[in-house]
Amino acid sequence: MPEPTGTTHAGRRAAPSAEPDAEQLATGLTTVVGRLVRRLRSMSAGDRLTPTQRSVLARLDLEGPATTAALARAEYVRPQSMRLTLGALESQGLVERAPDPADGRKSVMSLTESGAATLAEVRAAKHDWLARAMAAELDGAERRTVAEAIELIDRLTGH
């Protein structure tokens, strides 16, 4: 039986014969990256953390202590929503509150050791799933293609 057009014997898409335009690539890349991000999110921390909670932990890890207002602005949520998120993280012992050295009326939130360990677990789960998936689903040539794509995407992002 003939194979459907555009697929290989393994069911994978064959390389397109015509050069795709930038609009087609933008649509395809946006779709596939969105699916990858959703899949990576589902691989980490089970039901313990929401995506917003994971994002706040990562931000505190990367940028250091911050006020509720600063975190709300950075995460594009209302301060009330951020207070709820931080309250949940604080009740789990993942973040801690301390007086703001610049303004004692405010407090800053920072990552605890437990928060850093949880964040490391989240990152490891994502990394491990992706590495296993690539090892199982892609042959050497395809992994080289992914490596080349990473360089190109990195260039697109200005790095």
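Everything below is about the structure printed above this text.
Fair warning: this is a prediction, and the values are worked out from it, not measured in the lab.

J.: Just to check I follow, could you spell out the nonpolar core for this structure?
T.: What tends to happen in soluble globular proteins is that the nonpolar side chains get buried as a cluster. Counting residues in hydrophobic clusters, the biggest one holds 16 residues, and the most contacted among them are Val56, Leu57, Leu71, Leu86 and Leu89. Leave out the neighbours within four places in its chain, and Leu86 touches Val56, Thr68, Leu71, Val95 and Met109.

J.: Can you help me understand the pattern of salt bridges in this one?
T.: If charged atoms from side chains of opposite charge come close, those side chains can pair. What the rule picks out here adds up to five salt bridges. Measuring nitrogen to oxygen at the nearest pair gives 2.9 Å for the salt bridge that ties Asp61 to Arg123. Of this pair, Asp61 sits in helix H2 (residues 51-63) while Arg123 sits in helix H5 (residues 113-137), and the two are 62 residues apart along the sequence. A relative accessible area of 38% places Asp61 in the partly exposed class. Notably, a salt bridge pairs Glu90 with Arg97, separated by 2.8 Å at the nearest N-O pair. Glu90 gets classed as partly exposed once you look at its relative accessible area, which sits at 30%. Here the residues in one salt-bridge network are Arg59, Glu63 and Glu75, joined through shared partners.

J.: It is not clear to me how the packing of H2 against helix H3 (residues 68-75) should be interpreted in this structure. Could you clarify?
T.: The description of two helices packed together rests on the angle between their axes and the distance between the axes. The geometry of H2 relative to H3 is characterised by a closest axis approach of 11 Å and an angle of 115° between their N-to-C directions. By the criterion of interaxial angle, the relationship of H2 to H3 is roughly perpendicular. Relative to H3, H2 is oriented so that their crossing is right-handed. Where H2 abuts H3, its residues Ser55, Val56, Arg59 and Leu60 lie against Leu71, Ala74 and Glu75. Residues belonging to the contact of H2 with H3 are distributed by class as follows: four nonpolar, one polar and two charged.

Scoring rules and cut-offs
- Residues numbered from 1 in each chain as written.
- Predicted model: local features only at pLDDT ≥ 70, side-chain atom pairs only at ≥ 80, totals over all residues.
- Heavy atoms only, no water.
- Core = buried A, V, L, I, M, F, W, Y, C linked by side-chain atoms within 4.5 Å.
- Buried < 20%, exposed > 50% of the residue type's maximum accessible area, 1.4 Å probe, protein only.
- Contact = heavy atoms within 4.5 Å.
- Salt bridge = Lys/Arg side-chain N within 4 Å of Asp/Glu carboxyl O.
- Helix = DSSP H or I, 4+ residues; strand = E, 2+ residues; numbered from the N terminus.
- Axes fitted to C-alpha atoms, helices over the stretch in contact; angles between N-to-C directions.
- Parallel < 35°, antiparallel > 145°, perpendicular 65-115°, else oblique.
- Left-handed = near helix turned anticlockwise from the far one by under 90°.
- Nonpolar A, V, L, I, M, F, W, Y, C, P; charged D, E, K, R; others polar.

Note that all results are geometric; they support no functional claim without further evidence.
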